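Fold and geometry: a report
The chain contents come next:
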Amino acid sequence: MNRDTRTALMDLAEHTVRSRGFDGFSYADLAEAIGIRKASIHYHFPTKAKLSEALIERYQTSLQQGLTEIDAAHASAGARLKALIALYRGALHDGQTVCLCVAFSTCRESLSDTVIARVGAVRAMVLQWITTTFELGQRDGSVSAILGPADEAQATLAMLEGAHLAARTEEDLAVFDAATRLLRARCQ
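Residues numbered from 1 in each chain as written. Predicted model: local features only at pLDDT ≥ 70, side-chain atom pairs only at ≥ 80, totals over all residues. Heavy atoms only, no water.

**Description of the packing of aromatic side chains**
Our working definition: Pairing of aromatic rings covers Phe, Tyr and the six-membered ring of Trp, with a centre-to-centre limit of 6.5 Å; geometry is then stacked below 30 degrees between planes, edge-to-face above 60, and tilted otherwise. A 1.4 Å probe rolled over the protein chains alone gives each residue an accessible area, and that area as a share of the maximum for its type sets the label: buried under 20%, exposed over 50%, partly exposed in between. Strands here mean DSSP runs of E at least two residues long; helices mean DSSP runs of H or I at least four residues long; both are numbered from the N terminus. As a reminder, the over-ring test applies to NZ of lysine and CZ of arginine, requiring each to be within 6 Å of the ring centre and within 35 degrees of the ring normal.
For the structure shown, the criterion picks out 2 aromatic pairs. Geometrically, the ring pair formed by Phe 22 and Phe 25 is edge-to-face, given 6.1 Å between the ring centres and 85° between the ring planes. Phe 25 shares its class with Phe 22; the two are buried. Seen in terms of ring centroids, Phe 22 and Phe 104 are 5.8 Å apart; in terms of plane orientation they differ by 80°. Their pairing is edge-to-face. Placement of Phe 22 in the loop between helix H1 (3-20) and helix H2 (27-34) and of Phe 104 in helix H6 (residues 100-105) is noted, with a sequence separation of 82 residues between them. Relative accessible area serves as the criterion here: at 3%, Phe 22 is assigned to the buried category. What makes Phe 104 buried here is its relative accessible area of 1%. An aromatic cluster is defined as three or more aromatic residues linked by ring pairs; in this entry it consists of Phe 22, Phe 25 and Phe 104. Just above the ring of Phe 22 sits the side chain of Lys 48; from NZ or CZ to the centre is 4.6 Å. Its end group placed over the ring of Phe 25, Lys 48 keeps NZ or CZ at 4.2 Å from the ring centre.

This is the structure:
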C-alpha cells in the first residue's frame, strides 16, 4: 500500500466517522469503498484504535493550521470569531457531517484512552485560542458585551459543537446559522 492509499483510507475513514460515527463503519466497508483487501488496511492501521489515533492527530494538526491562518488573515477579534464560525460551518458539508471531535465525542465508549485524551487536547487548544481571541476583543473593542474571556470561550465552543449536532440532525445549515447568529451579531 502506498502513501496515496493510506491518505485515501484516512480521508474516507474521517468522512465516514464525521457522517456516520466511529461505530458506523468497519474495515470491510473501507476496503470495499477503496477497492482493496481488508488485510491491506491492517498493514498501516493494525486496529481501528490505531486508525482513530491517526485521524485525531491529523485533525489536530489541520485545525491548528486553520486557527493560525485565521490569526494571520484577520487582525480583529470580531473578524477572527466570524472566521472561526465559518470554519465550523464549512465542516458541516451542507449538514452531512460534524467536526471530528464532536463525532468522536458521541461514541466515547468505543474509543481508546489515547484518542479520548487527544480529543480533550484538541478541545483545550480551541478553547485557548477562543479565550485569547476574546481577550483581544476586550482590547480592540471588536466584540461587544464580553463578560469574561474564559467563560465566553467555553460558551462559544459549546455553542459551535451543539450547533453542529443540531444542524446535522436536521441536515440543514440554517440551523447552524440560527444558533450562531447572536455571536456573529456581537462581532464587528
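**Section: unusual backbone geometry**
Even without glycine at this site, His 93 takes up a positive phi of about 45°. Examined against the element boundaries, His 93 turns out to sit in the loop between helix H5 (77-90) and H6. A relative accessible area of 43% means that His 93 is categorised as partly exposed. If you check the backbone angles, Asp 94 has positive phi at about 60° while not being a glycine. Within the secondary structure, Asp 94 sits in the loop between H5 and H6. What makes Asp 94 exposed here is its relative accessible area of 58%.

**Quick word on the pattern of salt bridges**
Heads up, the condition is: Criterion for a salt bridge: a side-chain nitrogen of Lys or Arg within 4 Å of a carboxyl oxygen of Asp or Glu.
All told, the structure shown has 11 salt bridges when counted by the stated rule. The salt bridge involving Asp 177 is made with Arg 89; its shortest N-O contact spans 2.6 Å. Taken together, the positions of Asp 177 in helix H9 (residues 173-186) and Arg 89 in helix H5 put the pair 88 residues apart, joining distant regions of the chain. Classification of Asp 177 as buried rests on a relative accessible area of 19%. Classification of Arg 89 by relative accessible area gives partly exposed; the value is 31%. Measuring nitrogen to oxygen at the nearest pair gives 3.1 Å for the salt bridge that ties Arg 168 to Glu 171.

**Details of the state of the cysteines**
Applied cut-off: The disulfide criterion used throughout: a pair of cysteine sulfur atoms within 2.5 Å.
Going through the model one piece at a time under the given rule, you end up with 0 disulfides. Its sulfur unpaired, Cys 107 is 11 Å from the next cysteine sulfur, which belongs to Cys 101. Taking the relative accessible area as the measure of exposure, Cys 107 reaches 6% and is therefore buried. Counting only cysteine sulfurs, Cys 99 is the nearest neighbor of Cys 187, a cysteine outside any disulfide, at a range of 19 Å. When its relative accessible area of 5% is taken as the criterion, Cys 187 is described as buried.

**Brief notes about the nonpolar core**
Here is the rule: The set of buried Ala, Val, Leu, Ile, Met, Phe, Trp, Tyr and Cys residues whose side-chain atoms join them within 4.5 Å is what this entry labels a nonpolar core. Contacts between residues were defined by any pair of non-hydrogen atoms, one from each residue, lying within 4.5 Å.
Ranked by internal contacts, the top residues of the largest apolar core, which has 58 residues, are Leu 51, Ile 56, Phe 104 and Ile 130. Counting only elements with at least two residues in this core, the list comes to H1, H2, helix H4 (48-73), H5, H6, helix H7 (113-140), helix H8 (149-170) and H9. Looking at this core element by element, the count peaks at 11 residues for H7. Leaving out residues up to four positions away in the same chain, Ile 56 has contacts with Leu 100, Cys 101, Phe 104, Val 115, Arg 118, Val 119 and Val 122.

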